Amino acid sequence: MDSENNKMFKFMNDHLMGPMGKLASFPIVRAVMAAGMASIPFTIVGSMFLIVNVLPQSFSGLAGIWAGSFDKITNLYMLANGATMGILSLYFCLVFGYEYTKIQASEHKIDINPLNGALLSMMAFFMCIPQLIFKDGVATLVTTVTKDTKIIDGYQIAGGVSRLGTTGIFTAIIMSIIAVKIYAWLVQKNVTIKMPDTVPAGVSRSFTALIPTFAIALTVIVINGILVAFNTDIYKIVAIPFGFVTQLTNTWIGLLVIYFIMHALWIVGIHGATIVTSFLTPIVLSNMQLNIHGANIPFAAEFNNTFVTIGGSGATLGMVIFIAFFAKSAQLSALGKASVVPAFFNINEPILFGMPVVYNPYTAIPFFLAPMASMSLAYFAIKLHMVNAPIAQPAWPTPVGLGAFIGTAGDWRAAVLALLCALLAFIIWFPFIKSYDNKLYGQEQAVAEEERQAQA
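Residues numbered from 1 in each chain as written. Predicted model: local features only at pLDDT ≥ 70, side-chain atom pairs only at ≥ 80, totals over all residues. Heavy atoms only, no water.

Looking at an unreviewed UniProt entry, the protein chain carries the name Permease IIC component, with the source organism given as Lacticaseibacillus saniviri JCM 17471 = DSM 24301. In UniProt, the protein chain has this text filed under Subcellular location (unreviewed entry): "Cell membrane". You can read under Function (unreviewed entry) in the UniProt record for the protein chain the words "The phosphoenolpyruvate-dependent sugar phosphotransferase system (PTS), a major carbohydrate active -transport system, catalyzes the phosphorylation of incoming sugar substrates concomitant with their translocation across the cell membrane." (UniProt positions renumbered as here; feature names shortened; annotations may be inferred.)

Following this line, the structure appears as structure tokens:
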């Protein structure tokens, strides 16, 4: 048994931990993680105002009250939603550009300014937003106004500039990479305007970025020109792989693979949730926007923390409650009591490293299976329209049931579903944690007996 476990962990170390550890260290991945973390307050605040707007859809009794109050100022308070979720790709662009520039400066010892990198990234991104066509040999801004589409001077409008929303996140990242790389390369090659030492630092930095700014603008113009000549643009190009990945994550099999990888990384000591969810953030946010407009996609907003990894990675809430109050071994009992409060807020690092779950063959199987089972239950409940799809972003530490209720804008069935998911996860955990508890209890009893005999 131990030999088989050692082989399993060695295989995961060689084929998963190594490659994923290297992936997590890539500058682009680290910058994406930073941008995803920075976007959290904006998605949560934007969702709060959205919930106020759609609450009467879940509670029809509120319709009359809303008609005489909130409905009269909808356009006023929804400005907060438009300024957060409506321009989320802009936040991604600025933070990614800043962090990526900082990483380039640090690792390659290049004298480049992160703020300049962020601004250059934003310029490159904004140059890609307008839609153009070649008409009679002339580059023309698209203008189309129909019942379903409103594009004015190249800008598609739908309660704001559509391309600044979640659909622009990947384009923002790509253009930021191009901008920062050009900026760093030119500075490294000393292709800049040098100012005397007596010139203030802020002025000097501005002139240092002058040639890179021109080079970046010219590069983006060439890229856009080539794509427009082929009747497309960067948004449409990015939509091809993005659409494929999105469709993959919207399938049950695809989500099984995602949660397997996430928890396989944890088993070998890598923070799988941070790595995997950072890549998926643009997708779940985009899916949330689609759900707002009538789609029924389970994997959206905080689907992960509200329905799947309840209590933290591995869906450990029920297990932690069990060991806190019913474990026979002193080790698990003490660990459970110390971890039970954080577990209600989806924090379980004390369990992952204290039990430990990492590299522990006794807990590996339920650690994989429990979140897969809870995901499956939630996925099909939403797919079959038994529960509303997520349309809002609650804070990820929101306790079980409440997060699901908020995320679905007040669907009480979602709260019940979350509790059922937590119960299902515990049912899977129970025989394994019971066996592990008995093993530890036996070892403790044996040690206690040896101490008694030694004292006698």
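Undergrad: I keep staring at the overall build of the protein chain and nothing clicks. Help me out?
TA: Of the regular secondary structure elements, the protein chain holds 20 helices and five strands. Along the three orthogonal principal directions, the C-alpha set of the protein chain runs to about 95 × 65 × 40 Å. Across the 456 residues in the protein chain, those meeting the buried criterion constitute 47%. A fraction of 74% describes how many contacts in the protein chain between residues 6 or more apart in sequence connect residues 24 or more apart. Surface accessibility of the protein chain: about 21,700 Å² in total, with carbon and sulfur atoms responsible for 69%. If the 23 positive side-chain charges of the protein chain are averaged to one point and the 20 negative ones to another, these points end up 6 Å apart. (Helix = DSSP H or I, 4+ residues; strand = E, 2+ residues; numbered from the N terminus. Buried < 20%, exposed > 50% of the residue type's maximum accessible area, 1.4 Å probe, protein only. Contact = heavy atoms within 4.5 Å. Areas by Shrake-Rupley, 256 points an atom, 1.4 Å probe, with all protein chains shown as cover. Lys, Arg positive; Asp, Glu negative; His and termini not counted. Charge placed at Lys NZ, Arg CZ, Asp CG, Glu CD.)

Undergrad: When you look at the packing of helix α7 (residues 114-126) against helix α10 (residues 210-229) in this model, what are you seeing that I'm missing?
TA: Geometrically, a packed helix pair is captured by the angle between its two axes and the distance between the axes. Closest axis-to-axis distance for the α7/α10 pair is 10 Å, and the angle between their directions is 25°. Judged on the interaxial angle alone, α10 and α7 are roughly parallel. For the crossing formed where α7 meets α10, the hand is right-handed. For the pair α7 and α10, the contacting residues are Leu120, Met123 and Ala124 in the first and Thr213, Ile216, Ala217 and Val220 in the second. (Axes fitted to C-alpha atoms, helices over the stretch in contact; angles between N-to-C directions. Parallel < 35°, antiparallel > 145°, perpendicular 65-115°, else oblique. Left-handed = near helix turned anticlockwise from the far one by under 90°.)

Undergrad: Would you mind going over the pattern of salt bridges with me for this structure?
TA: As a working rule, side chains carrying opposite charge can pair if their charged atoms are close by. Across all of its chains, the model carries five salt bridges by this definition. Here Arg163 and Asp233 are joined by a salt bridge, their closest N and O atoms 2.9 Å apart. Taken together, the positions of Arg163 in the loop between β5 (155-156) and α8 (169-188) and Asp233 in the loop between α10 and α11 (234-249) put the pair 70 residues apart, joining distant regions of the chain. Judged by relative accessible area, which is 8%, Asp233 ranks as buried. Between Asp411 and Arg413 there is a salt bridge, and its shortest N-O distance comes to 3.0 Å. (Salt bridge = Lys/Arg side-chain N within 4 Å of Asp/Glu carboxyl O.)

Undergrad: Where do I start with the pairing of strand β1 (residues 132-135) in this structure?
TA: When a strand is regular, its side chains alternate between the sheet's two faces. Summarising the sheet, β1 and strand β2 (residues 138-141) pair through four bridges and their orientation is antiparallel. By the bridge assignment for β2, Lys135 is matched with Val138. A loop of two residues connects β1 with β2, the two strands running antiparallel in sequence, and Asp136 in this loop sits at a positive phi of about 55°. (Pairing = 2+ DSSP bridges.)

Undergrad: Explanation requested: the sheet that holds strand β3 (residues 144-145) in the structure shown.
TA: Sheet strands associate in pairs through backbone hydrogen bonding, adopting either a parallel or an antiparallel arrangement. Read across the sheet, three strands follow the order β3-β4-β5 without closing on themselves; strand pairing throughout is antiparallel. The sheet terminates laterally at β3 and β5, the two strands that pair on one side only. Relative to strand β4 (residues 150-152), β3 runs antiparallel, the two being bridged by two bridges. From the neighbouring strand, Thr144 faces β4, where its bridge partner is Ile151.

Undergrad: Is there a simple way to think about the nonpolar core in this case?
TA: Soluble globular proteins tend to bury their nonpolar side chains together. Phe303, Phe307, Ile323 and Met355 are the most contacted members of the largest nonpolar core, which totals 85 residues. Two domains each put at least three residues into this core: domain 1 (87-239) and domain 2 (248-455). Grouped together as the second largest cluster of nonpolar side chains are 16 residues, Met85, Tyr100, Met288 and Ala301 included. (Core = buried A, V, L, I, M, F, W, Y, C linked by side-chain atoms within 4.5 Å. Domains from an automatic or database assignment.)

Undergrad: Help me understand the confidence of the model for the protein chain, please; the structure alone is not making it clear to me.
TA: When pLDDT drops low, the exact placement of atoms in the prediction is not to be read closely. Mean pLDDT for the protein chain: 86, with 91% of residues reaching 70 or above. The spread of mean pLDDT over the elements of the protein chain runs between helix α1 (residues 2-25), the lowest at 58, and α7, the highest at 96. (pLDDT = per-residue confidence, 0-100.)

Undergrad: Mind showing me how you'd approach the packing of aromatic side chains here?
TA: Each aromatic ring pair is characterised by the separation of its centres together with the angle its planes make. For the coordinates displayed, the defined rule picks out 14 aromatic pairs. Centre to centre, the rings of Phe322 and Phe426 are 6.0 Å apart; their planes meet at 45°, and the pair counts as tilted. Taken as a pair, Phe322 in helix α15 (residues 317-326) and Phe426 in helix α20 (residues 412-455) lie far apart in primary sequence, 104 residues in all. Site record: aromatic cluster; members linked through ring pairs are Phe322, Phe326, Phe426 and Phe430. Positioned above the aromatic ring of Tyr235 is the side chain of Arg163, whose terminal nitrogen or guanidinium carbon lies 4.2 Å from the ring centre. (Phe/Tyr/Trp six-rings, centres within 6.5 Å; stacked < 30°, edge-to-face > 60°. Lys NZ or Arg CZ within 6 Å of the ring centre and 35° of its normal.)

Undergrad: Explain unusual backbone geometry here, please?
TA: Most peptide bonds are trans, and most residues other than glycine sit at a negative phi. In this model, Ala301 sits at a positive phi of 50°, which is unusual for a non-glycine residue. When you line up the elements, Ala301 lands in the loop between α13 (272-292) and α14 (303-308). You can call Ala301 buried: its relative accessible area is 7%. Notably, Ala409 is not glycine yet its phi reads approximately 60°, a positive angle. Inspection of the secondary structure puts Ala409 in the loop between α19 (402-407) and α20. By relative accessible area, Ala409 is classed as buried at 2%.

Undergrad: Please explain the side chain of Arg163 as it appears in this structure.
TA: For Arg163, a relative accessible area of 9% corresponds to the buried category. In this structure the side chain of Arg163 is engaged in a polar contact, spanning 3.2 Å, whose partner is the backbone oxygen of Ile129. In terms of polar contacts, Arg163 uses its side chain to reach the side chain of Asp233, at 2.9 Å. When residues no more than four places from it in sequence are discounted, the contact partners of Arg163 are Ser89, Phe125, Cys128, Ile129, Pro130, Gln131, Gly168, Asp233, Tyr235 and Lys236. (Polar contact = N/O pair within 3.5 Å; in protein donor to acceptor, adjacent residues only side chain to side chain.)

Undergrad: Got a minute to help me understand a nonpolar patch on the surface in this structure?
TA: On the surface, Trp252, Ile253, Val257, Phe260, Ile261, Phe380, Leu384 and Met386 cluster together into a nonpolar patch covering about 750 Å² of accessible area. With five residues, helix α12 (residues 252-267) is the single largest residue contributor to the nonpolar patch. Tracing the backbone through its elements, the reader meets Ile261 in helix α12. Overall, the relative accessible area of 32% leaves Ile261 in the partly exposed class. (Patch = residues over 30% accessible without salt bridge, like charges linked within 9 Å, V, L, I, M, F, W, Y side chains within 5 Å.)

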